[in-house]
Amino acid sequence: MKPKTMRGPGLFISQFIATEPPFDSLASLAEWAAGLGFKALQIPVSDPRLKDLAGLSDRAGLARIEAVVSNTGLAISEIAAQRAGQLLAVHPAYDETLDVLASPAVRGRPAARQAQAEQDLRRAISLAASLGVKKVLTFSGGLAWPFFYPYPPRPAGLVERAFAELAKRWRPLLDEADRAGVDLCFELHPGQDLHDGVTFDRFLGCVDHHPRAKINFDPSHFLLQQMDYLGFIDRYHARIGAFHVKDAEFIPSAVSGVYGGYLDWLDRPGRFRSVGDGQINFHGIFDRLTRNGYDGWAVLEWECCLKNSIDGAREGACFIEEHVIRVSERSFDAALDASMSQEKLDHVLGLARRS
């Protein structure tokens, strides 16, 4: 795979949307982000808090997004549909708590909520195709997640049945994405059935290794699971379609571990941090992604248990800009290149008899 220069910095705007300006509309939020040095926005398929997009038809919303892009010079990196993906497959144990992610019209009605999630995912695919970004970020949902720790032992066939059902729900969407020329990039995230390489591989097997099933690489979720996130890039780089720049740290504790002990984020051994404040080796990540030909966007996702979002965004734009590796157009020793004929090569190697 030929090294490529990735694009960035981009900003995932979901954590910044609020009721007060400049965070209450896509237009004003885009101007704010551009002022910090961001070059692209990753936008949710729908969010009623964005007053300049709320209630618009798909066509009108597309026109509004394109107008914002034209006015600010920003690109759209990807469309985000994590909420819809999570609501596509909900274990009944989480029905009430996950209803907070659903629109009020379908709360308390799991079948209607699932149907709405599928509709939202189809809208995300259509929007990504229309904007030419060709990437939709999502979660997988979690039917088997309540059984992730095998005690008492899981009933034989339970995980297989859960993944078969998960594939049944996702396969039509993957096929639709393929027809639209769009990748569905699953964020491997605890709480979802797809949360590491093993579960992603299992899912791929259930959907016949569908070419549109890709990964949104977010190293923070791997560090908190104590995974080798650099080795993950080497193994899965062909499936990495998007990249969230999000930091984390894990500080071993005598009283709590990777499960967090039901503590608040500030007190957990594993915590999300603003980029540069955690333990993740981003130099290594940018190096491996670049070397393996990733040329998508590096997008800041701000989540921090301590630092405020405004400082996190300002620092994050600079952090990504400084870490993007601009691939050299020539080899450092190109000037010393000496082309030789086959006869000369044999002579240099001592394979030709000297007269």
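Note: the structure precedes this text.
Residues numbered from 1 in each chain as written. Predicted model: local features only at pLDDT ≥ 70, side-chain atom pairs only at ≥ 80, totals over all residues. Heavy atoms only, no water.

Student: Explain the overall build of the chain to me, using residue names and the numbers behind them.
Tutor: Helix and strand counts for the chain stand at 12 helices and 10 strands. For the chain, whose C-alpha radius of gyration is 23 Å, the value lies close to the compact-globule estimate of 20 Å for 355 residues. On the principal axes, the C-alpha backbone points of the chain span a range of 90 × 55 × 50 Å. In the chain, which comprises 355 residues, the proportion classed as buried is 49%. Per element, the accessible surface of the chain, about 17,700 Å² overall, is 53% carbon and sulfur. Positive and negative side-chain charges of the chain, numbering 40 and 45 respectively, have mean locations separated by a distance of 4 Å. (Helix = DSSP H or I, 4+ residues; strand = E, 2+ residues; numbered from the N terminus. Rg over C-alpha atoms; globule rule 2.2 N^0.38 Å. Buried < 20%, exposed > 50% of the residue type's maximum accessible area, 1.4 Å probe, protein only. Areas by Shrake-Rupley, 256 points an atom, 1.4 Å probe, with all protein chains shown as cover. Lys, Arg positive; Asp, Glu negative; His and termini not counted. Charge placed at Lys NZ, Arg CZ, Asp CG, Glu CD.)

Student: Tell me about helix H5 (residues 110–131), and please be specific about residues and values.
Tutor: Between the first and last C-alpha of H5 there are 31 Å, a value that for 22 residues agrees with the 32 Å anticipated at 1.5 Å per step. Residues Ala112, Arg113, Ala117, Asp120, Leu121, Ala124, Ile125, Leu127, Ala128 and Leu131 constitute the buried set of H5. (Expected span 1.5 Å × (residues − 1).)

Student: Which residues make up the nonpolar core, and what are the values?
Tutor: Core analysis: the largest hydrophobic core is formed by 96 residues, its most contacted members being Leu41, Ile79, Phe243 and Ile285. Per element, the largest residue contribution to this core is 9 residues, and it comes from helix H6 (residues 158–180). Once residues lying within four places of it in the same chain are set aside, the contact partners of Leu41 are Leu11, Ile13, Leu26, Ala30, Ala33, Leu74, Ala75, Ile76, Ser77 and Glu78. In terms of nonpolar packing, the next biggest core, distinct from the first, is built from 5 residues, Phe12, Ala40, Ala80 and Trp297 among them. (Core = buried A, V, L, I, M, F, W, Y, C linked by side-chain atoms within 4.5 Å. Contact = heavy atoms within 4.5 Å.)

Student: Now, about the packing of aromatic side chains: what can you tell me, with residues and values included?
Tutor: The way to describe two aromatic rings as a pair is by their centre distance and the angle between their planes. Applying the stated criterion across every chain, the model contains 19 aromatic pairs. Directly above the aromatic system of Phe272 lies the positively charged group of Lys246, at a separation of 3.8 Å from the ring centroid. One cation-aromatic arrangement involves Arg268 over Trp265; the distance from NZ or CZ to the ring centre is 4.6 Å. (Phe/Tyr/Trp six-rings, centres within 6.5 Å; stacked < 30°, edge-to-face > 60°. Lys NZ or Arg CZ within 6 Å of the ring centre and 35° of its normal.)

Student: Please give an account of the environment of Gly261 that cites residues and values.
Tutor: With respect to the secondary-structure elements, Gly261 resides in the loop between strand S8 (247–250) and strand S9 (270–273). Judged by its relative accessible area of 48%, Gly261 is partly exposed. Distance in space between the C-alpha atoms of Gly261 and Ala167 is 32 Å, their sequence separation being 94 residues.

Student: Describe the pairing of strand S10 (residues 297–300), listing the residues and the values that go with them.
Tutor: Residues Trp297 and Val299 point to one face of S10 and Ala298 and Leu300 to the other, with burial holding for every one of them. Of the pairings in the sheet, the one linking strand S7 (residues 240–245) to S10 comprises 3 bridges and is parallel in character. Counted as the bridge partner of His244 is Val299 from S10. (Pairing = 2+ DSSP bridges.)

Student: So what's going on with the pattern of salt bridges? Which residues, and what values?
Tutor: Enumeration according to the criterion identifies 32 salt bridges in this entry. Measuring nitrogen to oxygen at the nearest pair gives 3.8 Å for the salt bridge that ties Glu301 to Lys246. In this pair, Glu301 sits in the loop between S10 and helix H11 (309–323) while Lys246 sits in the loop between S7 and S8, placing the two residues 55 residues apart along the sequence. Judged by relative accessible area, which is 6%, Glu301 ranks as buried. Residue Lys246 is classed as buried on the basis of its relative accessible area of 1%. One salt bridge in this structure joins Lys307 and Asp277, with 2.7 Å as the shortest N-O distance. (Salt bridge = Lys/Arg side-chain N within 4 Å of Asp/Glu carboxyl O.)

Student: Any chance you could break down the packing of helix H9 (residues 229–236) against helix H10 (residues 282–291) for me, citing the residues and the numbers?
Tutor: Where H9 meets H10, the axes come as close as 10 Å, and the angle between the chain directions of the two elements is 5 degrees. Accordingly, the angle class assigned to the pair H9 and H10 is roughly parallel. In contact with Tyr229, Leu230, Gly231, Ile233 and Asp234 of H9, H10 contributes Gly284, Ile285, Arg288 and Leu289. (Axes fitted to C-alpha atoms, helices over the stretch in contact; angles between N-to-C directions. Parallel < 35°, antiparallel > 145°, perpendicular 65-115°, else oblique.)

Student: Describe in detail the side chain of Lys246, supporting the description with residues and values.
Tutor: Polar side-chain contacts of Lys246 include one of 3.5 Å to the side chain of His221. Among the polar contacts listed, one links the side chain of Lys246 to the side chain of Glu303, at a separation of 3.0 Å. (Polar contact = N/O pair within 3.5 Å; in protein donor to acceptor, adjacent residues only side chain to side chain.)

Student: Explain helix H7 (residues 197–206) to me, using residue names and the numbers behind them.
Tutor: Taken together, the buried positions of H7 are Gly197, Thr199, Phe200, Phe203 and Leu204. What you see down the axis of H7 is that its buried residues fit within an arc of 165 degrees, all on one side. The elements touched by buried residues of H7 are H6, strand S5 (183–187), strand S6 (213–217) and H9. The N-capping residue of H7, defined by a side-chain oxygen 3.4 Å from the backbone nitrogen of Val198, is Asp196. After H7 finishes, the residue Asp208 shows a positive phi value of roughly 55 degrees. (Arc of directions from axis to C-beta.)

Student: I'd like a rundown of unusual backbone geometry, residues and numbers included.
Tutor: Comment: phi is negative for the bulk of residues other than glycine, and the bulk of peptide bonds are trans. Along the chain, Gly8 connects to Pro9 via a cis peptide bond; the corresponding omega equals 0 degrees. The residue Pro9 is located in strand S1 (residues 7–12) in this model. Cis geometry marks the peptide bond from Tyr151 to Pro152; its omega dihedral reads -5 degrees. Structurally, Pro152 is set in the loop between strand S4 (135–138) and H6.

Student: If you had to explain the pairing of S5 to someone new, which residues and values would you point to?
Tutor: Taking burial as the measure, the 5 residues of S5 include 5 buried ones, the bulk of the element. Of the two faces of S5, both are covered, the one formed by Asp183, Cys185 and Glu187 as well as the one formed by Leu184 and Phe186. Relative to S5, S4 runs parallel, the two sharing 4 bridges. Each bridged residue has a counterpart across the sheet, and for Lys135 the counterpart in S5 is Asp183.

Such coordinate-based values are descriptive only and should not be taken to indicate function.
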